[in-house]
Amino acid sequence: MAVICTLYEGNYHFGLGALVNSLHAGGFRGHVYAGHRGDIPPWAEERVRKNGAGWLFDVSGDCTLHFVPLDTALHFNNYKPHWILDLMEKHCPQEQSFFYFDPDIVVKARWEFFEEWASHGIAVCEDVNHYLPRHHPVRLAWKKYAAKCGLLVRQELEKFYNGGFFAVHREHRDFLEAWKQLFGCRASDGADLSQFELSGFEFPYMYLDQDLMNLALMLVPHRVSAVGPEGMDFTPGGYVMSHSAGQTKSWRKHFLWEALQGRAPSLADKEFFRHTQAPIKIYSAPQLAARRAGVTIGSAIGRFYRRGGS
């Protein structure tokens, strides 16, 4: 059986709720593991039950959300391989498939698509800037760094993948271990793993967690099965996921103000608000009405006023 996993803290609980709702709407039934710092979400408080050190929340009769408190100083972007390996070893020792989603993603495709996708190898999605050929100076610097760390490149890749989603089978754990090892190497170099940014634009050009993820994919022989940037609605024509990338997440936006700055509600914003009420009710009815009105008005303004004068 497949396991869904994510990491959240603070107001990212809004995104967590929408992610779980979208998965449920797409047909997923099973267990979702949410590693977190801080309190459980306010929308879960009345229905959770204690489970060891964590909590259980029944999303529906056949779908359960596990809240697992985590004691780590690492930024959650830098904790992803550690988290999945921990799930494999401690919480889900029998399960074979693990799907990681950032809590600012909502799912659009039916769950059967994800199961089929992951059957072909390590499943990932191309990033906004998705072309990074094998002879690009940044990728060559990564290979040089891998050799310095005693790691062998096993395959050449041409595309750059977003770290917000990946799916692996238990047989791919060497990818997770390589990714985790790279974090250890960067920490030895002086990178502060408690921070979102690992470094500036300097050798080895590993600015964020997903840079290390992309190198880790080169260090294992497993097939990579990827969709293009439309898979996260970074470009038109997507049907797989919507990713609220960037600093201002869908639940934080003041849509009227954003629209007046020339930024209309995005596809990810609209998908987020499609999944805020069932089966998990994230907002009260008045809160949702106000937020949806903002999206509607912002979209109307955006038809006539776009940033850049268009």
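Just above, that's the structure.
Small disclaimer: the values here were computed from a predicted structure and weren't measured.

Draft legend 1. Quick look at the pattern of salt bridges. In this structure the tally under the stated criterion is 17 salt bridges. Between Asp-104 and Lys-249 there is a salt bridge whose closest N-O contact spans 2.6 Å. With Asp-104 in the loop between strand 6 (97-101) and strand 7 (105-107) and Lys-249 in the loop between strand 11 (241-243) and helix 7 (255-260), this pair connects stretches of sequence that are 145 residues apart. Ionic pairing is found between Glu-112 and Arg-110, a salt bridge with its closest N-O pair at 3.8 Å. We classify Arg-110 as partly exposed; its relative accessible area is 47%. What emerges from the salt-bridge pattern is a single network uniting Lys-80, Asp-102 and Asp-209.

Draft legend 2. Seen up close, empty space enclosed by the protein. Across all of its chains, the model carries 1 cavity of 30 Å³ or more by this definition. Estimates place the volume of the largest cavity at around 50 Å³. Lining the largest cavity are Gly-15, Pro-103, Asp-104, Ile-105, Val-106, Ser-242, Ser-244, Ser-250, Trp-251, Ala-268 and Phe-272. Only strand 7 and helix 8 (267-274) provide two or more residues apiece to the lining of the largest cavity. Classifying every residue of the lining of the largest cavity by side-chain character gives 6 nonpolar, 4 polar and 1 charged.

Draft legend 3. Representation of a nonpolar patch on the surface in the model. A surface patch of nonpolar side chains, amounting to about 270 Å² of accessible area, comprises Leu-256, Leu-260 and Ile-297. Topologically, Leu-256 is positioned in helix 7.

Draft legend 4. Looking closely at the pairing of strand 5 (residues 63-69). Of all 7 residues in strand 5, 6 are buried; the element is thus mostly enclosed. Examined bridge by bridge, strand 2 (residues 31-37) and strand 5 share 6 bridges and lie parallel to one another. In the sheet register, Tyr-33 faces strand 5, and the bridge partner there is His-66. As judged from the 5 bridges shared by strand 4 (residues 54-60) and strand 5, these two strands associate in the antiparallel manner. The residue bridging Trp-55 from the neighbouring strand is Phe-67, located in strand 5.

Draft legend 5. How the structure looks around the environment of Ala-73. Among the secondary structure elements, Ala-73 is positioned in the loop between strand 5 and helix 2 (80-91). Along the chain, Ala-73 and Thr-296 lie 223 residues apart, while their C-alpha atoms are 40 Å from each other. Excluding its chain neighbours within four sequence positions, the residues that come into contact with Ala-73 are Arg-37 and Ser-194.

Draft legend 6. Quick look at the nonpolar core. One finds Trp-83, Ile-84, Phe-166, Phe-175, Leu-176 and Trp-179 to be the most contacted residues of the largest nonpolar core, which totals 50 residues. Tallying contributions element by element places helix 5 (residues 173-188) first for this core, with 7 residues. When sequence neighbours within four positions are dropped, the list of residues in contact with Trp-179 reads Lys-80, Pro-81, Phe-166, Asp-209, Leu-212, Met-213 and Ala-216.

Draft legend 7. Seen up close, the packing of helix 5 against helix 6 (residues 209-218). At a minimum axis separation of 9 Å, helix 5 and helix 6 run at an interaxial angle of 130°. As judged from the angle between their axes, helix 5 and helix 6 are oblique. Seen from above, helix 5 lies across helix 6 with right-handed handedness. Facing Phe-175, Ala-178, Trp-179, Leu-182, Phe-183 and Arg-186 of helix 5, the residues of helix 6 in contact are Asp-209, Leu-212, Met-213, Leu-215, Ala-216 and Leu-217. Class assignment for the residues of the contact of helix 5 with helix 6 results in 10 nonpolar, no polar and 2 charged.

Draft legend 8. Geometry of the packing of aromatic side chains. A complete count under the given rule lists 30 aromatic pairs for this structure. Pairwise contacts between aromatic rings join Phe-28, Phe-99, Phe-101, Trp-111, Phe-113, Phe-114, Trp-117, Phe-165 and Tyr-239 into one cluster. A cation over an aromatic ring shows up here: Lys-144 above the ring of Phe-203, its NZ or CZ 5.7 Å from the ring centre.

Draft legend 9. Expanded view of the layout of surface pockets. Within this model, the largest pocket holds a volume of roughly 990 Å³. Every residue lining the largest pocket is counted, 39 residues in all, and those nearest its centre are Asn-77, Phe-196, Leu-208, Asp-209 and Gln-210. Of all the elements in the fold, those that place two or more residues in the lining of the largest pocket are strand 1 (2-9), strand 8 (122-131), helix 4 (137-148), strand 9 (159-169) and helix 6. Tallied by class, the residues present in the lining of the largest pocket amount to 20 nonpolar, 11 polar and 8 charged.

Draft legend 10. Region of interest: the environment of Leu-182. Looking at the secondary structure, you find Leu-182 in helix 5. For the pair Leu-182 and Arg-303, spaced 121 residues apart in the sequence, the C-alpha separation amounts to 45 Å. Apart from the residues lying within four places of it in its own chain, the contact partners of Leu-182 are Tyr-145, Leu-151, Leu-212, Leu-215, Ala-216 and Leu-219.

Rules and cut-offs
- Residues numbered from 1 in each chain as written.
- Predicted model: local features only at pLDDT ≥ 70, side-chain atom pairs only at ≥ 80, totals over all residues.
- Heavy atoms only, no water.
- Salt bridge = Lys/Arg side-chain N within 4 Å of Asp/Glu carboxyl O.
- Helix = DSSP H or I, 4+ residues; strand = E, 2+ residues; numbered from the N terminus.
- Buried < 20%, exposed > 50% of the residue type's maximum accessible area, 1.4 Å probe, protein only.
- 1 Å grid on protein atoms, 1.4 Å probe; cavity = no way out; pocket = protein on both sides within 12 Å on 5 of 7 lines; lining within 4 Å.
- Points joined across faces, edges and corners; volume = space filled by probe spheres on them.
- Nonpolar A, V, L, I, M, F, W, Y, C, P; charged D, E, K, R; others polar.
- Patch = residues over 30% accessible without salt bridge, like charges linked within 9 Å, V, L, I, M, F, W, Y side chains within 5 Å.
- Areas by Shrake-Rupley, 256 points an atom, 1.4 Å probe, with all protein chains shown as cover.
- Pairing = 2+ DSSP bridges.
- Contact = heavy atoms within 4.5 Å.
- Core = buried A, V, L, I, M, F, W, Y, C linked by side-chain atoms within 4.5 Å.
- Axes fitted to C-alpha atoms, helices over the stretch in contact; angles between N-to-C directions.
- Parallel < 35°, antiparallel > 145°, perpendicular 65-115°, else oblique.
- Left-handed = near helix turned anticlockwise from the far one by under 90°.
- Phe/Tyr/Trp six-rings, centres within 6.5 Å; stacked < 30°, edge-to-face > 60°.
- Lys NZ or Arg CZ within 6 Å of the ring centre and 35° of its normal.

Distances and angles like these do not, on their own, reveal function.
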